[in-house]
Every structure is written in C-alpha cells, then in structure tokens.
Amino acid sequence: MSTPTPLIDVQQLAVTYASAGQLTHAVRNVSFSVSQGETVAIVGESGSGKSTMANAILGLLPDNAKITGGQLRVDGTDLAHASERQKRQLRGRVIGLVPQDPMVSLNPTLRIGQQIGEALILAHGRRYPSVDADIIELLQQVGLDNPQLRARQYPHELSGGMRQRVLIAIALAGNPRLIIADEPTSALDVTVQRKILDHLQQLVSERGISLLIITHDLGVASDRADRLLVMKQGELVEQGAPQTILAQPQHDYTRALLAAAPAFSQRRPLSQRPVAPDDKAPILSLRNVGKVFDLPKIKGQDSQFTALQGLTLNVYPGQTLAIVGESGSGKSTALRIALGLEKPSSGRVLFEQQDVTDLNWRDFRPLRKRMQLVQQNPFAALDPRFTIFDSIVEPLVSFGLLKGAALEQAARELISRVHLPVSYLDRLPRELSGGQRQRVAIARALALQPDLLLLDEPVSALDVSVQAQILDLLEELQRELGIAYVLVSHDLAVVANVAHQVLVLKQGQVVEYGSVDTVFGEPQAQYTRELIGAIPGRKAERAAA
C-alpha cells in the first residue's frame, strides 16, 4: 500500500536574504512534511525563521529573498522553480492564509462583504452568480452572529475577535486544502482566542484540511497541534508530538522556551513576590466609579453605552493589581479614568486619599509626575523620529526638570536601569527589537520617578523569553523602588505569576476581586472559571495529570 504524498514536503530547505551586499541565511537545512488533515505548529522567537517558512510555502518571499537550497513542494509543485502563475494558482485554492493583524490585513475603506466577495471571485471567477449567498454562508461558518449586518459593516465597527473571523472567512473562500495561521490569536483575549482556535480546528476536521500554525505561544501550540516544530535562528532544532516535547525536551533552546512560558512555569506563591507593609494606605482608589458614553442617536437603538458600573478598587504601594477581562469589559476605560484622561459619570477617584475626580487638566498635571503609563505597543508609543535619548528624557524636558549634563546623566542612568547599553541612546526605535523598545518605554515611564505605573498589556506582543525578561525587570523595579502597578492583561498565565490582587471585569462590572491565590485557586464566579479554563497549555497539564 503506497503512502499518500504529503501536502507540504520540505527537504533540506535554505532561504537567503540579500541586503546591502550582505547575505542573511534565514532558513537553513529545514526538513518536515504536513499531511492532509494534520495540524502542525511551528514555534520559535522573532528571527527564528517562522514567517520566512510561511512566506516560502505561500510563494510570497520578498524580491531580496530566494530559495538557495533544498526542495519545497506544495501539492506536488516545486516552489523553488515555479512560475508566478503557478504560485498564484496554489494561493487561495490550495493554501489559505490567516494573517496576524486583522486591522492591517483588512481594507478599512471596504465593507466586510465586499472583501470576502473579492476572495470568492478570485477563486471562482467573475461569472459567479451565488457570491452574495456564499458571503453570508462563510460568515455563518466562522461563527459570526447576524451575518447580513456584518457583511454591511466596516472593519472598525467589529471587535478584534470578529475581524479575525473575517480573515478566516477570506482564507476559506477558495476551499483550500491547507490553512496557514500566522500568529492568529496573539492580540486576543483568552476566551476569544479559544473560540477562534476551536473554530479553526472544527473547520479542519469538517473539511479534512490541514492547518499550519505559526506562533511564539507554546501553550497554544501544545494544545492544538498534532506535531510541534521548534525553530531557532533558521534551524529546526526539535520536532515531535506535543506531549513528548513538553515532557522530555531534547534541546536546550526548547527547555529555555518552556521555562520562560508563563503557561508552563510554576506559579510563584505570594511570599516570593515583592510585598509592601500592610499598614500603608492605598495610593490609588476608585470608589463606585461608573462611566456612560453617549452614542450617535439612531432610531430604535440605545443612545448610551455603559462602559463601567460600580467599580471599586484599591492599589497599594509596592504591590500589583491586575485587571483582567475580555475586550469591551471596561479595562482600558478604568485606566483612562485613573490617569485623569476621562471623567467618571459617577463615583470618585482618590490619589493618596486626595479626591482628584473633578480636577481640571492644569491641576491634574502635577499628579502626572506620580503616575505613568506603559502602553501595549512600544513601536506606536515611541516617536519614530526621536532617538532613544530624546524619548527617555521627554518627560523631564516636558516638566522642565533637568537640562544639559544632568539630563544626559539621567538618560544614562535610566537606560542602565532597564538593562540596555548606554550606546543605544543614539539609536532610533526602528533599530531596536520589540523587547528592547518596551524597555525604552519603561525607562521613559520611570524618568519622573513615579509611585504608580499603569501597564496596558505590556508584554502581549513579545516572545515568551523576552516577555519573561520584561516581567522580571518589572518585579526587580518594584522590589527596589517600591512602585505600585496596575496591570491590564488578557494573559491570565502572566497575571498568575506577577500579581498580588486580581480584579475580574465583565461588561463593565466586577465579578470577582481578591488575592491572586484566592481568585486562581478558588474562583467563585463562573466567568472567572471560564477565563482560567481558557488559558493555553492546560491540555498538556491535564494529559500529564
């Protein structure tokens, strides 16, 4: 009996980039295959060659990259020697792509239905009478409610999870035999992430198609894949069944990835985290805070949206309060109210027992020295035209605190504080990695020696080992400087490792609030149990138990 030909067959593949007369070997001697109906995950950090592999399989390598060795066959076609026309015939019909960032990947000027229709017409030709019906059917298949309405909406009118489902619908338009999902859930809440991945797996089993997941999240990979491929600096260092790799990793790099992944690391008890004296008063308090936004008046629809309702919390010096919940739960609104960027509709905001609710911008400005924000995306948060020096000292210049030699000395101390070389002060943000940029953002937030840092998803876009470094840095700063943190995160594995207190929000209301050991060890609310149950990596835990 003959063995069926693999859908993807990679043998000793090498991919090289040429830039400014220099050659970069992005993929070296990689061999693997993907069979029909199989789910394979490629894991590794930024620069490991994951995305280069995906682009090579799609026939979408940039002009300065080419296959310089080995073989890459997709459905029997050798892509190393295929024409552009042959590659186009494979895309859509044989391979569908679910890209990482739905807001970048979707056209903001076209309705959702038009964008899915484009993919259907490309796959089936212009004389395609059932395109409108197929758009609705695809939207139903990917689990979107009210598909007729969704087809008429624009991308900005949908949530992140909804936009990701639209990308899956576009990938399915050509009835492909393989779907490549490139970091499909890295910016999504755990429950939305689970729904998206559950849906992808359901489609895979129903249609008998293959799934290739590209991810830096070992938890996601181990839960979903039949086989794991671990890549490091362009080389395949380990492959095998998830249970085998998690239980008995053979390579040092795989062991390091597992040690850095919050989903697999042992949760540190509160006694091992920085703890402030119990007798201190809270540095920040929100008392019964509510926030209602006015909406455009549309007949038959509500004219107001309640973002927060009855929110009460305390943040103590030297401790971390984590706020968790899905998109739309009110986490970011709570941060904006704490920062004085938004006025609450009801309730009071206290900073060091002083009521600051009604302060105007001028009166609130001195308090901004005491509380600083570290945003989710460090590249968007830093001015691309500023050097790292300019970015770090910007708060000191804005408040007129230092100049000349004292300013330069402060910049050197701050960049050293976040463990970056002083030589980086002359660089631009684009010359730094994501983790290094996040360190710069933290250094800038520390410039004014604040007592409180508000951290909005500070590690969600980073590789697990870089994520671990940033979290270790934040803990070190808390221990040495006594800073209080409010951490907004959708990654409950991270929260379990760093927080002292956890507040769970759902649709603007508090459903659970208590110590991290209580909330994770004995969750009272069904919603909290669902959030904890959706943490990636739990499948491997259950298998090992």
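Refer to the structure presented above.
Conventions we followed
- Residues numbered from 1 in each chain as written.
- Predicted model: local features only at pLDDT ≥ 70, side-chain atom pairs only at ≥ 80, totals over all residues.
- Heavy atoms only, no water.
- Phe/Tyr/Trp six-rings, centres within 6.5 Å; stacked < 30°, edge-to-face > 60°.
- Lys NZ or Arg CZ within 6 Å of the ring centre and 35° of its normal.
- Pairing = 2+ DSSP bridges.
- Helix = DSSP H or I, 4+ residues; strand = E, 2+ residues; numbered from the N terminus.
- Axes fitted to C-alpha atoms, helices over the stretch in contact; angles between N-to-C directions.
- Contact = heavy atoms within 4.5 Å.
- Buried < 20%, exposed > 50% of the residue type's maximum accessible area, 1.4 Å probe, protein only.
- Polar contact = N/O pair within 3.5 Å; in protein donor to acceptor, adjacent residues only side chain to side chain.
- Core = buried A, V, L, I, M, F, W, Y, C linked by side-chain atoms within 4.5 Å.
- Parallel < 35°, antiparallel > 145°, perpendicular 65-115°, else oblique.
- Left-handed = near helix turned anticlockwise from the far one by under 90°.
- Nonpolar A, V, L, I, M, F, W, Y, C, P; charged D, E, K, R; others polar.
- 1 Å grid on protein atoms, 1.4 Å probe; cavity = no way out; pocket = protein on both sides within 12 Å on 5 of 7 lines; lining within 4 Å.
- Points joined across faces, edges and corners; volume = space filled by probe spheres on them.

(A) Inspection of the packing of aromatic side chains at higher detail. Per the stated rule, a full pass over the model turns up zero aromatic pairs. If you follow Arg-427 out to its NZ or CZ, it ends over the ring of Tyr-424, 4.0 Å from the centre.

(B) Inspection of the sheet that holds strand β4 (residues 65-74) at higher detail. Taking strand neighbours across the sheet as the criterion, the four strands line up as β2-β1-β4-β5 in an open arrangement whose pairing is antiparallel. This sheet does not close on itself; its edge strands, each paired only once, are β2 (22-34) and β5 (77-78). Across eight bridges, the pairing between strand β1 (residues 8-19) and β4 is antiparallel. Within the sheet, the bridge partner assigned to Tyr-17 lies in β4 and is Ala-65.

(C) Main features of the sheet that holds strand β7 (residues 178-182). The strand order across the open sheet formed by six strands is β6-β7-β8-β3-β9-β10, and the pairing between neighbours is mixed. What marks the edges here is a single partner per strand, and that holds for β6 (95-98) and β10 (235-240). Within the sheet, the average angular offset between the axes of one strand and its neighbour, ignoring direction, is 20°. Here strand β3 (residues 39-43) runs beside strand β8 (residues 210-215); their pairing, made up of five bridges, is parallel. Across the sheet, the residue bridging to Thr-39 is Leu-211, located in β8. Across the sheet, helix α7 (residues 160-172) is in contact with β6 and β7; its angle to β6 comes to roughly 170°.

(D) Local environment of the side chain of Thr-320. You can see Thr-320 is positioned in strand β13 (residues 320-324). Owing to a relative accessible area of 4%, Thr-320 belongs among the buried residues under this scheme. One polar contact links Thr-320 to Gln-478, side chain to side chain, over a distance of 2.9 Å.

(E) Structural context of the nonpolar core. In this structure, Ile-392, Ile-442, Leu-446, Val-495, Val-502 and Phe-520 are the most contacted members of the largest nonpolar core, which totals 57 residues. In this view, Leu-446 contacts Leu-414, Arg-417, Val-418, Leu-453, Leu-477, Leu-481 and Ile-483; residues no more than four positions away in its chain are not counted. Judged by nonpolar contacts, the second largest core, of 49 residues, contains Val-98, Ile-116, Ile-135 and Ala-151.

(F) View of the packing of helix α8 (residues 190-207) against helix α21 (residues 526-533). The geometry of α8 relative to α21 is characterised by a closest axis approach of 8 Å and an angle of 60° between their N-to-C directions. Here α21 runs oblique to α8, going by the angle between their axes. With respect to the hand of their crossing, α8 and α21 are arranged in left-handed fashion. Of the residues in α21, those touching α8 at Val-190, Thr-191 and Arg-194 are Glu-530, Leu-531 and Gly-533. Looking at the contact of α8 with α21 residue by residue, the classes come out as two nonpolar, two polar and two charged.

(G) View of empty space enclosed by the protein. According to the stated counting rule, one finds five cavities of 30 Å³ or more in the structure shown. What the second largest cavity holds in volume is close to 100 Å³. In terms of lining, the second largest cavity is formed by ten residues, of which the most central are Thr-320, Leu-474, Glu-475, Tyr-485 and Val-498. Of all elements in the fold, only α18 (464-481) and β18 (484-488) reach the threshold of two or more residues within the lining of the second largest cavity. No other element matches α18, which puts four residues into the lining of the second largest cavity. Here the lining of the second largest cavity is built from residues that sort into seven nonpolar, two polar and one charged.

(H) Expanded view of the layout of surface pockets. If you add up the space inside the second largest pocket, you get close to 580 Å³. What lines the second largest pocket is a set of 22 residues, and nearest its centre among them are Arg-91, Gly-92, Ala-119, Leu-122 and Ile-170. Mapped by element, the contributors of at least two residues to the lining of the second largest pocket are β6, α4 (112-124) and α7. With five residues, α4 is the single largest residue contributor to the lining of the second largest pocket. Class assignment for the residues of the lining of the second largest pocket results in 13 nonpolar, five polar and four charged.

(I) Examining the pairing of β1 more closely. One ladder, built from nine bridges, connects β1 with β2; its direction is antiparallel. Each residue of the ladder has a partner; that of Val-10, found in β2, is Phe-32. Here β1 folds back onto β2 in antiparallel fashion, the turn holding two residues, of which Ala-20 has a positive phi close to 50°.

(J) Representation of the environment of Tyr-17 within the structure. Its location among the elements puts Tyr-17 in strand β1. Separated by 413 residues in the primary sequence, Tyr-17 and Arg-430 place their C-alpha atoms 19 Å from one another. Contacts of Tyr-17, omitting those with residues within four sequence positions, involve Gln-22, Leu-23, Thr-24, Ala-26, Thr-52, Leu-61, Pro-62, Asn-64 and Ala-65. At a separation of 3.0 Å, a polar atom in the side chain of Tyr-17 contacts the side chain of Thr-52.

(K) Spotlight on helix α1 (residues 50-58). Counting buried positions along α1 gives seven out of nine residues, so the element sits mostly inside the fold. Buried within α1 are the following residues: Lys-50, Thr-52, Met-53, Ala-54, Ala-56, Ile-57 and Leu-58. A positive phi of about 70° marks Gly-59, the residue just after α1.

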